[in-house]
Amino acid sequence: QVQLVESGGGLVQAGGSLRLSCAASGSTFSSYPMRWYRQAPGKQRELVAYITTGGVTNYPDSVKGRFTASRDNAKNTVDLQMNSLKPEDTAVYFCNLYTGSEDYWGQGTQVTVSS
């Protein structure tokens, strides 16, 4: 069983930065890639970052160059550094661990970017 807990959300002005963190329980964290998703009101959940077990990352064009994911397998944490934030980045952000047979989600953390 894996538990994921996100933290670091908040209210920030456009152009500002936030750093989200996701802490994972359990011993399987380092064996799987991790994902960050976001969901804005009335919209589908959107993948914003993917990070392999070795730290290789991938991002959609909407956040590329502004968001950076990182992970510390020794501490069972994955972070999302978000810079140059825009009002359209406003959403609840979730971390996700998918093993292929089980799908774990955190409770989410709200990010609000004011214009």
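This write-up is about the structure you can find in this document. (Residues numbered from 1 in each chain as written. Predicted model: local features only at pLDDT ≥ 70, side-chain atom pairs only at ≥ 80, totals over all residues. Heavy atoms only, no water.)

### Section: the packing of aromatic side chains
Here is step 1 of the chain: Across all of its chains, the model carries 2 aromatic pairs by this definition.
Here is step 2 of the chain: Their ring planes at 55 degrees and their centres at 5.0 Å tell us that Tyr37 and Trp105 sit as a pair that is tilted. Within this pair, whereas Tyr37 is found in strand S4 (residues 34-39), its partner Trp105 is found in strand S10 (residues 103-105), the two being separated by 68 residues in sequence.
Here is step 3 of the chain: Taking the centre distance of 6.3 Å and the plane angle of 85 degrees together, the rings of Phe94 and Trp105 count as edge-to-face. Of the two residues, Phe94 is situated in strand S9 (residues 91-98) and Trp105 in strand S10; the sequence distance between them amounts to 11 residues.
Here is step 4 of the chain: The class for Phe94 is buried, based on a relative accessible area of 10%.
Here is step 5 of the chain: Members of the aromatic cluster, joined through ring pairs, are Tyr37, Phe94 and Trp105.
Here is step 6 of the chain: Of note, Arg45 hangs over the ring of Phe94, and the distance from its end group to the ring centre comes to 4.0 Å.
Here is step 7 of the chain: Stacked on the ring of Phe29, the Lys or Arg Arg71 has its end atom at 4.5 Å from the ring centre. (Phe/Tyr/Trp six-rings, centres within 6.5 Å; stacked < 30°, edge-to-face > 60°. Helix = DSSP H or I, 4+ residues; strand = E, 2+ residues; numbered from the N terminus. Buried < 20%, exposed > 50% of the residue type's maximum accessible area, 1.4 Å probe, protein only. Lys NZ or Arg CZ within 6 Å of the ring centre and 35° of its normal.)

### Description of the environment of Thr99
Here is step 1 of the chain: Assignment of secondary structure puts Thr99 in the loop between S9 and S10.
Here is step 2 of the chain: Through-space distance from the C-alpha of Thr99 to that of Pro87 is 33 Å; in sequence the pair is 12 residues apart.
Here is step 3 of the chain: Beyond its immediate stretch of four places on either side in the chain, Thr99 contacts Tyr32 and Tyr104.
Here is step 4 of the chain: Polar side-chain contacts of Thr99 include one of 3.2 Å to the backbone nitrogen of Ser101. (Contact = heavy atoms within 4.5 Å. Polar contact = N/O pair within 3.5 Å; in protein donor to acceptor, adjacent residues only side chain to side chain.)

### A look at the state of the cysteines
Here is step 1 of the chain: All told, the structure shown has 1 disulfide when counted by the stated rule.
Here is step 2 of the chain: The side chain of Cys22 participates in a disulfide bridge whose partner is Cys95; the two sulfur atoms lie 2.0 Å from each other. The sign of the 60 degrees torsion about the S-S bond sets the Cys22-Cys95 disulfide as right-handed. Here the residue Cys22 occupies a position in strand S3 (residues 18-24), and Cys95 occupies one in strand S9, the gap between them amounting to 73 residues.
Here is step 3 of the chain: The buried category is assigned to Cys22, whose relative accessible area is 0%. (Disulfide = S-S within 2.5 Å.)

### Quick notes on the nonpolar core
Here is step 1 of the chain: Judged by nonpolar contacts, the single largest core of 29 residues is most densely connected at Leu4, Met34, Trp36, Phe67, Leu80, Met82 and Tyr93.
Here is step 2 of the chain: When contributions to this core are tallied by element, the ones reaching two or more residues are S3, S4, strand S5 (46-51), strand S7 (67-72), strand S8 (77-82), S9 and strand S11 (109-114).
Here is step 3 of the chain: Those residues in contact with Leu4, other than ones at most four positions away along the chain, are Cys22, Ala23, Ala24, Met34, Cys95, Asn96, Leu97, Tyr104, Trp105, Gly106 and Gln107. (Core = buried A, V, L, I, M, F, W, Y, C linked by side-chain atoms within 4.5 Å.)

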